[in-house]
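Structural overview for review
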Amino acid sequence: MLETMPPAACHDRYPDERIRAILKETRTIALVGASANPARPSYIVFKYLSERGYAVTPVNPGLAGQTLLGRPVVARLADLPGPVDMVEIFRNAAVAGGLVDEALALPVLPKVIWMQLGVRDDAAAARAEARGVAVVMNRCPKIEYGRLSGEIGWTGVNSRIISAKKPVLARGGLQKLTLERP
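Residues numbered from 1 in each chain as written. Predicted model: local features only at pLDDT ≥ 70, side-chain atom pairs only at ≥ 80, totals over all residues. Heavy atoms only, no water.

1. Observations concerning the overall build of the protein
The cut-off we apply is this: Secondary structure counts use DSSP, requiring at least four H or I residues in a row for a helix and at least two E residues in a row for a strand, with both numbered from the N terminus. Only protein chains enter the accessibility calculation, which uses a 1.4 Å probe. A residue is then buried if its area is under 20% of the maximum for its type, exposed if over 50%, and partly exposed in between. Here, two residues are considered to be in contact whenever any of their heavy atoms come within 4.5 Å of each other. In this description, accessible areas are obtained by the Shrake-Rupley approach with a 1.4 Å probe, and a residue is regarded as covered only by the protein chains that are shown.
Broken down by element type, the protein carries 6 helices and 7 strands. Reading the protein from its N terminus to its C terminus gives the helix and strand order α-β-α-β-β-β-β-α-β-α-β-α-α. Across the 182 residues of the protein, 46% fall into the buried class. If you take every contact in the protein between residues at least 6 apart in sequence, the share linking residues at least 24 apart comes to 59%. When the accessible surface of the protein is split by element, carbon and sulfur atoms take 56% of a total near 9,400 Å².

Spelled out as structure tokens, the structure:
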């Protein structure tokens, strides 16, 4: 489905269907800027996505050769052991363009380049879209997954998803929903 999606002409808003398709079709993610500090947002997102079944490879030159949550850390995108569906940029906007260029230099292009909250580079997005790569900017895949699956709505944030289905609680009493819900 991603191959048939047109580039997002305006990166200010993304239709839920587009975000849902990206999150459903993505299986492997390179998270650039992953942190070993459990209090950092990049660690929290890394852990959350891993727990939802995504194979996440942490990318951080300062942690290269170590493991995070059982996954080996690589120094840069060129060191990835294989192709990834998504490159998630968890670095500031000033370096996002260079990271997009690194992603575009991979032997197999990712299907998606996702820039975290507060990260936007329209010129880099245009370069990626010109190569057929979908781009999402200034969004968090953890938040979007939670919103579209209904997890966030259950905890008090209005997700605009109404369901009569009783939530299934994972161990520890936490709700863990999926994007497969209508």
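That covers the picture; the talk isn't over yet.
2. Some words on the packing of helix 3 (residues 93-104) against helix 4 (residues 122-130)
Rules: Each axis is a line fitted through C-alpha atoms, taken for helices only over the stretch in contact, and angles between the N-to-C directions span 0 to 180 degrees. Angle categories are assigned with fixed cut-offs, so that under 35 degrees is roughly parallel, over 145 is roughly antiparallel, 65 to 115 is roughly perpendicular, and the rest are oblique. Note: crossing handedness is left-handed where the near helix turns anticlockwise from the far helix by less than a right angle, and right-handed where it turns clockwise. Each residue receives one of three labels: charged for Asp, Glu, Lys and Arg, nonpolar for Ala, Val, Leu, Ile, Met, Phe, Trp, Tyr, Cys and Pro, and polar for the others, Gly being one of them.
For the pair helix 3 and helix 4, the least separation of the axes is 9 Å and the interaxial angle reads 10 degrees. In terms of their interaxial angle, helix 3 and helix 4 are classed as roughly parallel. For the crossing formed where helix 3 meets helix 4, the hand is left-handed. Residues Gly97, Val100, Asp101 and Leu104 of helix 3 form the contact with helix 4, whose participating residues are Ala124, Arg127 and Ala128. Per-class residue counts for the contact of helix 3 with helix 4 are 4 nonpolar, 1 polar and 2 charged.

Structural measurements only, silent on function.
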